[in-house]
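Summary of the model geometry
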2 protein chains.
Amino acid sequence: MPEPARFNVLLAGYGTVGRSLHRALETQREHLATAHGLDVRITGIARSDRVATDPDGLPLKDDGSVRWQRGGLLDEIWEAEADVFVEATPTDLEDGQPGLGHVRTAFHNELPVVLANKGPVVVAYDELVQRAQTAGVPLRFEATVAGCVPSLNAARYSFAGDTIHKVEGILNGTTNFILTRMAEEGSDLDQALREAQALGYAETDPTADIEGLDAASKVVILGNALLGLDLTMDTVEVQGITQVTRQAVELADDHGFRVKLVAEASRDGTARVGPRLVPRGSTLDVPGALNAVRFTTQLAGTVTHTGAGAGGNATAAALLSDIVDVARVTGVADR
Amino acid sequence: MPEPARFNVLLAGYGTVGRSLHRALETQREHLATAHGLDVRITGIARSDRVATDPDGLPLKDDGSVRWQRGGLLDEIWEAEADVFVEATPTDLEDGQPGLGHVRTAFHNELPVVLANKGPVVVAYDELVQRAQTAGVPLRFEATVAGCVPSLNAARYSFAGDTIHKVEGILNGTTNFILTRMAEEGSDLDQALREAQALGYAETDPTADIEGLDAASKVVILGNALLGLDLTMDTVEVQGITQVTRQAVELADDHGFRVKLVAEASRDGTARVGPRLVPRGSTLDVPGALNAVRFTTQLAGTVTHTGAGAGGNATAAALLSDIVDVARVTGVADR
């Protein structure tokens, strides 16, 4: 077997997602070499207050940490030798920063971009597609929607010759966990939310989840990328789950339905998030914190994908698929 | 917009699948041009007793038929100008013919190959992968497993950096329809089978379906292509649904289960098809004639895809995704 080709990653952000990607590159080292002829290494990491670079690849220490070389400026990271930039800093849905600035710099440097951070594509989809084109490099963001559940790549590859008319989904694991507990345990919303927080499914401030904003941001991405719409957070009709009562859930159950927070976008321009009755046992009736994405297409009819929508490994899986895709498209990995 | 690039298809077989592909190329003409910069035309069709060729693309007549130009030899078809060969003749699981011979000829002519016909990859997977490599052209066969439900392309692209440990699925729509009717209507096997035949879900001779052989052939393909196994029809442990009684289905139902014909292959070498109890409402509990494919991977955990496993349009959707992929890989379509 020929020597695998080096493929260097610059990473911004080193929280759960960044660390999971770093670990996944170790566990998948052999797979990446044999399946794709790739030797993927992280040659630079930037956090808000620290950077680390190593042209031979930054090793994971035994405790899973990185040897930070200096308190430094993010700017220095761009000097590292790299083939792709992975943006995994915290999401901001208002101005997309700091991720948006990082992505602009990456394109300025003609680096392909892979996003875990939704902010940049939610706030500036058209601009970033344009910048990627100008730079002549790919932009990928599978990890921003439904974690490892194939959504954007599925459309790119599995439905390549088909026309997607509508995308619906259970795109927020926190609210799905809450609604599942309300249906299965007869909890009320507050109880279920506290349980979700105790189990780590919900943030201390759960507003973005239960108000439907997180799901709406994913509708913006799916609508723009798969349906050619021109959505922003302001053009999505959003209702969260705060008005969903235990009684409503029970009544739905009596009639064979589940209450689910369904996010949807159609080619006709419809884009909304809100509680909907879903027939029990139907493909959108996924339990717990699972996500689901349902495509309605011209030829294939209805196809649904379900799986873990969040978590470090699930997100790392999506990032790795994008990294391999970038390596293929740029001619480094085998086709 | 630049002129779309011509991409010519040679097609063997003109039954439901071949005709559906021909129609789909008409309905998707604009999509293929705008999304992929492609102008896909069928320049040659071969049936067992007729051929038709047209260097400008064979038009569909108003009644959906083709103007057969001559009673002729299959051999003549290879003289047509083509960029990809699509094999859609009837499946033979014993010797793979006539498809296997066609595919060998295509590779001999250095033509990329897209299969709707399972026979060749079930009978001669290693040989065909080898021939494709020697010819330096791609081999794709998404349509052979679960119709338009992403299975092989999903693995190639969506789980590219991940390691698939196990694949399970509901891969035969006929038996799923029968088992669903037995569970929902309390029918016995014979009643449900007659109903399936009346509705066109089952063949007049349903042996390959109800004995589990069709599902087994798909396990061979998934196991070899996704798990690196070396399976043949003889090494898959197969049990069909002929022994599944109405009483067994009812008993399962009383305990919250469905009886499903589950096909599975694992990286450890396990490969089998047989009736299994599946928790009601779980991701493999798909109703009617639907198919499901469930991947268990190193990073993503469990991801399930469900949708139509058969039918002309569903198969055409899968063929088109492969045709576009071939055009990308060979540098004709935009990436």
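Our subject is the structure that appears above.
Now for a quick tour of the structure. Here the structure is a predicted model, which is why all the values come from computation and not from measurement.

You'll often see interface size given as the accessible area lost when the parts meet. The interface is formed by 39 residues belonging to chain B together with 39 residues belonging to chain A. Of the roughly 3,300 Å² buried between chain B and chain A on both sides combined, carbon and sulfur atoms contribute 55%. In this assembly, chain B and chain A are joined by zero salt bridges. Counting the contacts that link chain B with chain A gives 14 residue pairs in polar contact (both at pLDDT 80 or more). Of all the elements in the fold, those that place two or more residues in the side of chain B that touches chain A are α1 (16-27), α2 (29-36), α6 (152-158), β12 (301-308) and α12 (312-329) of chain B. Sorting elements by how many residues they give to the side of chain B that touches chain A places α12 of chain B first, with nine residues. Taken together, the residues that form the side of chain B that touches chain A break down as 17 nonpolar, 17 polar and five charged.

Mapping chain B onto chain A leaves a residual RMSD of 0.0 Å; the transformation is a rotation of 180 degrees accompanied by 0.0 Å of translation along its axis. Taken together, the rotation and translation relating the two chain copies correspond to the operation of a two-fold axis. Interface overlap between copies is the fraction of interface residues in one copy that are interface residues in the other; for chain B against chain A it reaches 100%, indicating a shared surface.

Residue and element names in this part refer to chain A. One open sheet holds the six strands; their spatial order is β3-β2-β1-β4-β5-β6, and the pairing between them is mixed. What marks the edges here is a single partner per strand, and that holds for β3 (51-53) and β6 (139-140). In the sheet, strand β4 (residues 84-87) pairs with strand β5 (residues 113-115) via three bridges, with the strands oriented parallel. Along β5, the bridge assignment pairs phenylalanine 85 with valine 113. Here helix α12 (residues 312-329) sits on the sheet in contact with β1 (5-12), β2 (38-46), β4, β5 and β6, set at roughly 165 degrees to β5.

Scanning the model with the defined rule gives 37 salt bridges over all chains in all. We note a salt bridge from arginine 131 of chain B to glutamate 127 of chain B, for which the minimum N-O separation is 2.7 Å. With arginine 131 of chain B and glutamate 127 of chain B both in helix α5 (residues 119-135) and four residues apart, this pair spans about one turn of that helix. Exposure remark for arginine 131 of chain B: the relative accessible area of 35% places this residue in the partly exposed category. Under the relative-accessibility criterion, glutamate 127 of chain B is labelled partly exposed at 26%. Lysine 218 of chain B is the partner of aspartate 214 of chain B in a salt bridge, and the nearest nitrogen-oxygen pair spans 2.7 Å. Remark: lysine 218 of chain B and aspartate 214 of chain B occur in helix α10 (residues 213-227); sequence separation between them is four residues, near one turn of the helix. Taken individually, aspartate 214 of chain B and lysine 218 of chain B each receive the classification buried, so the pair is uniform in this respect. Because the salt bridges share partners, they merge into one network encompassing Lys166, Glu168, Glu264, Arg272, Arg276 and Arg294 of chain A.

Our focus in this paragraph is unusual backbone geometry. All names here are of chain A. Geometrically, the link from glutamine 97 to proline 98 is a cis peptide bond, its omega value of 5 degrees lying close to zero. Its place among the elements puts proline 98 in the loop between β4 and α4 (99-108). Not every positive phi belongs to a glycine, and glutamate 110 is a case in point at roughly 60 degrees. Mapped onto the secondary structure, glutamate 110 falls in the loop between α4 and β5. Accessibility expressed as a relative area gives 55% for glutamate 110, which makes it exposed.

Conventions and cut-offs
- Residues numbered from 1 in each chain as written.
- Chains lettered and ligands numbered in written order.
- Predicted model: local features only at pLDDT ≥ 70, side-chain atom pairs only at ≥ 80, totals over all residues.
- Heavy atoms only, no water.
- Contact = heavy atoms within 4.5 Å.
- Buried area = accessible area lost by both parts, 1.4 Å probe.
- Salt bridge = Lys/Arg side-chain N within 4 Å of Asp/Glu carboxyl O.
- Polar contact = N/O pair within 3.5 Å; in protein donor to acceptor, adjacent residues only side chain to side chain.
- Helix = DSSP H or I, 4+ residues; strand = E, 2+ residues; numbered from the N terminus.
- Nonpolar A, V, L, I, M, F, W, Y, C, P; charged D, E, K, R; others polar.
- Least-squares fit on C-alpha atoms with pLDDT ≥ 70 in both.
- Pairing = 2+ DSSP bridges.
- Axes fitted to C-alpha atoms, helices over the stretch in contact; angles between N-to-C directions.
- Buried < 20%, exposed > 50% of the residue type's maximum accessible area, 1.4 Å probe, protein only.

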